[in-house]
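Breakdown of the fold
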Amino acid sequence: MSNNSSFDLEGPAVFLFVIFSFLLAAFYVYCAWRIFEKAGKPGWAALIPIFNTLIQLEIVQRPLWWVFLMFVPGVNLVISVIIIFDLAKVFGKDNGFAFGLLLLAPIFVPILALGNAVYTPRNPVLGSSRV
């Protein structure tokens, strides 16, 4: 017994899903690029795995060795949440916005990237000798 259906959308549906996914990923990369540039970092750094995490740690002013914690299962989830909340803080947003970044990233990341949020570091970067 074969299942011959005259209403077969498998091919076009998969194609449209792939195109939509690609466009959504490209937009998200653009948003990450803009966030990096707002923080005074090169936007292209958002494209390079692991390096983009190091730059994000610089943006939120956390120790760079935290990148190693991102490879520890379970710990990486805690570190990611801390980074998200710190990212909201350095762009002048409150904890409500940080929860939005955490739970509704496809909505709040573009708001952070394309909105009028301004990067304001919390304290001087460790190791700098500015007077």
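This one's a predicted model, so the numbers in the text were calculated from it and none came from an experiment. (Residues numbered from 1 in each chain as written. Predicted model: local features only at pLDDT ≥ 70, side-chain atom pairs only at ≥ 80, totals over all residues. Heavy atoms only, no water.)

**Focus on the overall build of the protein chain**
Along the backbone of the protein chain there are 6 helices and 0 strands. From first element to last, N terminus to C terminus, the protein chain shows the α and β order α-α-α-α-α-α. Partitioning the contacts of the protein chain with sequence separation of at least 6, the portion at a separation of at least 24 is 46%. (Helix = DSSP H or I, 4+ residues; strand = E, 2+ residues; numbered from the N terminus. Contact = heavy atoms within 4.5 Å.)

**Observations concerning helix α1 (residues 10-38)**
Along its 29 residues, α1 runs 42 Å from first to last C-alpha, staying within 8% of the 42 Å computed at 1.5 Å per residue. For α1, every residue scored as buried is listed here: Cys31, Ile35 and Phe36. Backbone geometry just downstream of α1 places glycine 40 in the positive-phi region, at approximately 80°. (Expected span 1.5 Å × (residues − 1). Buried < 20%, exposed > 50% of the residue type's maximum accessible area, 1.4 Å probe, protein only.)

**Remarks on unusual backbone geometry**
Comment: phi is negative for the bulk of residues other than glycine, and the bulk of peptide bonds are trans. Unlike most non-glycine residues, isoleucine 50 shows phi in positive territory, near 70°. Examined against the element boundaries, isoleucine 50 turns out to sit in the loop between α1 and α2 (51-59). In this structure, glutamine 61 is a non-glycine residue whose phi angle is positive, near 60°. Here glutamine 61 is to be found in the loop between α2 and α3 (66-69). Overall, the relative accessible area of 17% leaves glutamine 61 in the buried class.

**Structural notes on the packing of aromatic side chains**
In this structure the tally under the stated criterion is 5 aromatic pairs. Taking the centre distance of 5.9 Å and the plane angle of 15° together, the rings of tryptophan 44 and phenylalanine 51 count as stacked. A centroid spacing of 5.0 Å and a plane angle of 90° characterise the contact between phenylalanine 85 and phenylalanine 99, whose relative ring orientation is edge-to-face. Residue phenylalanine 85 is located in helix α4 (residues 75-90), and its partner phenylalanine 99 is located in helix α5 (residues 95-103); the two are separated by 14 residues in the primary sequence. (Phe/Tyr/Trp six-rings, centres within 6.5 Å; stacked < 30°, edge-to-face > 60°.)

**Observations regarding the pattern of salt bridges**
In the structure shown here, the tally under the stated rule is 2 salt bridges. Residues lysine 41 and glutamate 58 are paired through a salt bridge, measuring 3.0 Å at the closest nitrogen-oxygen approach. One end of the pair, lysine 41, is in the loop between α1 and α2; the other, glutamate 58, is in helix α2, with 17 residues separating them in the sequence. Judged by relative accessible area, which is 32%, glutamate 58 ranks as partly exposed. (Salt bridge = Lys/Arg side-chain N within 4 Å of Asp/Glu carboxyl O.)

**Concerning a nonpolar patch on the surface**
Residues Val81, Phe99, Leu102, Leu103, Leu104, Ile107 and Ile111 make up a contiguous nonpolar surface patch of about 620 Å² in total accessible area. For the nonpolar patch, the elements supplying multiple residues, two or more each, are α5 and α6 (105-114). No other element matches the 3 residues that α5 contributes to the nonpolar patch. (Patch = residues over 30% accessible without salt bridge, like charges linked within 9 Å, V, L, I, M, F, W, Y side chains within 5 Å. Areas by Shrake-Rupley, 256 points an atom, 1.4 Å probe, with all protein chains shown as cover.)

**Details of α5**
Residues Phe97, Ala98, Gly100 and Leu101 constitute the buried set of α5. Each buried residue of α5 sits inside an arc of 155° when the element is viewed along its axis, so together they form one side. Elements in contact with the buried residues of α5: α4 and α6. (Arc of directions from axis to C-beta.)

**As for the confidence of the model for the protein chain**
Overall, the prediction assigns the protein chain a mean pLDDT of 88, with 86% of residues at 70 or greater. Scored below 50 in pLDDT, residues 127-131 makes 0 contacts in the model with residues more than four places away or belonging to other chains. (pLDDT = per-residue confidence, 0-100.)

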